[in-house]
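Listed below, chain by chain, are the residues.
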Amino acid sequence: MAYETLIVEIRDGVAVVTVNRPDKLNALSDRTMEDLDRAFASLQDDPAVRGVILTGSGEKAFVAGADIGELATQSPLEGRERSVRGQRVLDRIESLGKPVIAAVNGFALGGGCELAMACHVRVASEGARLGTPEVKLGIMCGYGGTQRLPRIVGKGRALEMLLTGEMVDAQEALRIGLVNRVVPKDKLLAEAEGLLRKMLANGPVSLNFTLAAVNDGLEMPLDEAQRAEATLFGLICSTGDMKEGTKAFLEKRPAKFQGR
Ligand code: COA
């Protein structure tokens, strides 16, 4: 499938989605959000795709935010609709059911930081800078950032970032848990792919259920979340992957998971 503002390459079970507007630092236009929505819907449905890496094209940016040119003229109703649409696209990424890693190759600002936070794991290049500068534009996060940032780094650190609008560098992002790893720029995609392939060596149903238990469970009271976990645990005991994984261990051989 072709996209105006994205490049999607699929190799050996891994899709690399590259936001491709380098002259605008990969800013998220309405077109880009529609492309992301379509691309992730198709990756979700494609059984040949087992995991995704999301990155930005060019030397400078992962994604430098929502497209300020489009934001500048929006009416209140258009702003609300844009926010709801954006939240839906990022929710789709977070609930893909397959691991998604953000390879943060430069600026991840505003909607770009929110996009990275919707991914399950973030790997950053040494020169990357992340932040939520919306307040400097007289607006605020609208793609889930006010909710995902405190869930990832804690309320105090999140509010410091959200209220100052200042960026953090990759090392600070690592220290506060906003990114999982920091590597030299020329190693970024290899690091992201290595990490993803480590995940993909495990049972696909295990990955799918674990993502669901964490994503859904964090939004529930603890007892309800644990009941949901127990239900998924019971269900996973019916899978061939469970039989194969435990049998392979006892037979001292690598497991061959089928995802069923
Ligand atoms: N929306 C639309 N265009 C953007 C953009 C955005 N979020 N971020 C960058 N661009 C465009 C710039 O307008 C410029 O376009 P032009 O060449 O047609 O003038 C081009 O991308 C390059 O950006 P530039 O500002 O010249 O690069 P820089 O290296 O001097 O600065 C940043 C980089 C990231 C610090 C700066 O671009 C910036 O502050 N961007 C906005 C970040 C932001 O507020 N994001 C949240 C939006 S809600």
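Conventions we followed
- Residues numbered from 1 in each chain as written.
- Predicted model: local features only at pLDDT ≥ 70, side-chain atom pairs only at ≥ 80, totals over all residues.
- Heavy atoms only, no water.
- Helix = DSSP H or I, 4+ residues; strand = E, 2+ residues; numbered from the N terminus.
- Rg over C-alpha atoms; globule rule 2.2 N^0.38 Å.
- Buried < 20%, exposed > 50% of the residue type's maximum accessible area, 1.4 Å probe, protein only.
- Contact = heavy atoms within 4.5 Å.
- Pairing = 2+ DSSP bridges.
- Axes fitted to C-alpha atoms, helices over the stretch in contact; angles between N-to-C directions.
- Near = heavy atom within 4 Å.
- Polar contact = N/O pair within 3.5 Å; in protein donor to acceptor, adjacent residues only side chain to side chain.
- Areas by Shrake-Rupley, 256 points an atom, 1.4 Å probe, with all protein chains shown as cover.
- Nonpolar A, V, L, I, M, F, W, Y, C, P; charged D, E, K, R; others polar.
- Parallel < 35°, antiparallel > 145°, perpendicular 65-115°, else oblique.
- Left-handed = near helix turned anticlockwise from the far one by under 90°.

Colleague: What's the story with the overall build of the chain in this structure? I'm lost.
Modeller: Each helix and strand counted, the chain has eleven helices and ten strands in total. A compact globule built from 260 residues would reach a C-alpha radius of gyration of about 18 Å, and the chain, at 19 Å, matches this within 12%. Along the longest, intermediate and shortest principal axes, the C-alpha atoms of the chain span 60 × 40 × 35 Å. Sorting the 260 residues of the chain into buried and exposed places 44% on the buried side. Of all intrachain contacts in the chain linking residues separated by at least 6 positions in sequence, the fraction that spans at least 24 positions is 70%.

Colleague: Sorry if this is basic, but what is going on with the sheet that holds strand β1 (residues 6-11) here?
Modeller: To summarise the sheet geometry, strands pair through backbone hydrogen bonds and adopt either a parallel or an antiparallel arrangement. The six strands are arranged β1-β2-β3-β5-β7-β10 in an open sheet whose pairing can be described as mixed. This sheet does not close on itself; its edge strands, each paired only once, are β1 and β10 (181-183). In this sheet, adjacent strand axes meet at a mean angle of 20 degrees when their direction is disregarded. Alignment of strand β3 (residues 51-56) against strand β5 (residues 100-104), held across three bridges, turns out to be parallel. Looking at β5, one finds that Leu54 is bridged to Ala102.

Colleague: So what exactly am I meant to see when it comes to the environment of Ala228 here?
Modeller: Mapped onto the elements, Ala228 comes out in helix α10 (residues 222-236). Taking the relative accessible area as the measure of exposure, Ala228 reaches 28% and is therefore partly exposed. Sequence-wise, Ala228 and Met167 are 61 residues apart; in three dimensions their C-alpha atoms are separated by 37 Å.

Colleague: Hey, could you run me through the site of the ligand in this one?
Modeller: The environment of the ligand is formed by 16 residues, the closest being Lys24, Lys60, Ala64, Ala66 and Ile68. With respect to the ligand, the backbone of Ile68 contributes an N or O atom lying 2.9 Å from a nitrogen atom. Expressed as a share of its isolated accessible area of 870 Å², the protein-covered part of the ligand is 60%. For the shell around the ligand, the secondary structure elements donating two or more residues are α2 (68-71) and β6 (107-109). Looking at the shell around the ligand residue by residue, the class counts come to ten nonpolar, one polar and five charged.

Colleague: For this particular structure, what's the right way to read the sheet that holds strand β9 (residues 168-169)?
Modeller: Strand order in this open sheet of four strands is β4-β6-β8-β9, and the pairing throughout is mixed. Because the sheet does not close on itself, it has two edges, and the strands there are β4 (61-63) and β9.

Colleague: Teacher, can you tell me more about the packing of helix α5 (residues 145-153) against helix α6 (residues 155-164) here?
Modeller: Each packed pair of helices is defined by two parameters, the angle between the axes and the distance between the axes. Following both chains from N to C, one finds α5 and α6 inclined at 135 degrees, their axes separated by 7 Å at the closest point. Taken together, the axes of α5 and α6 lie oblique to each other. Viewed along their axes, α5 and α6 form a crossing whose handedness is right-handed. Counted together, Thr146, Leu149, Pro150 and Val153 of α5 and Lys155, Arg157, Ala158, Met161 and Leu162 of α6 form the full contact between these two elements.

Colleague: Can you walk me through the pairing of β3 in this structure?
Modeller: Regular strands have side chains that alternate between both faces of the sheet. Summarising burial for β3: six of the six residues are buried, a large majority. Burial of β3 is two-sided: the residues Gly51, Ile53 and Thr55 facing one way and the residues Val52, Leu54 and Gly56 facing the other way are all buried. Note that strand β2 (residues 14-19) and β3 share six bridges and pair parallel. Each bridged residue has a counterpart across the sheet, and for Val17 the counterpart in β3 is Leu54.

Colleague: Is there a simple way to explain unusual backbone geometry in this structure?
Modeller: Glycine aside, negative phi is the norm for most residues, and most peptide bonds take the trans geometry. The phi angle at Asp12 is positive, at roughly 50 degrees, despite the residue not being glycine. Within the fold, Asp12 resides in the loop between β1 and β2. Even without being a glycine, Lys252 presents a positive backbone phi close to 55 degrees. On the secondary structure map, Lys252 appears in the segment after α11 (240-250).

These values are about where atoms sit, not about what they do.
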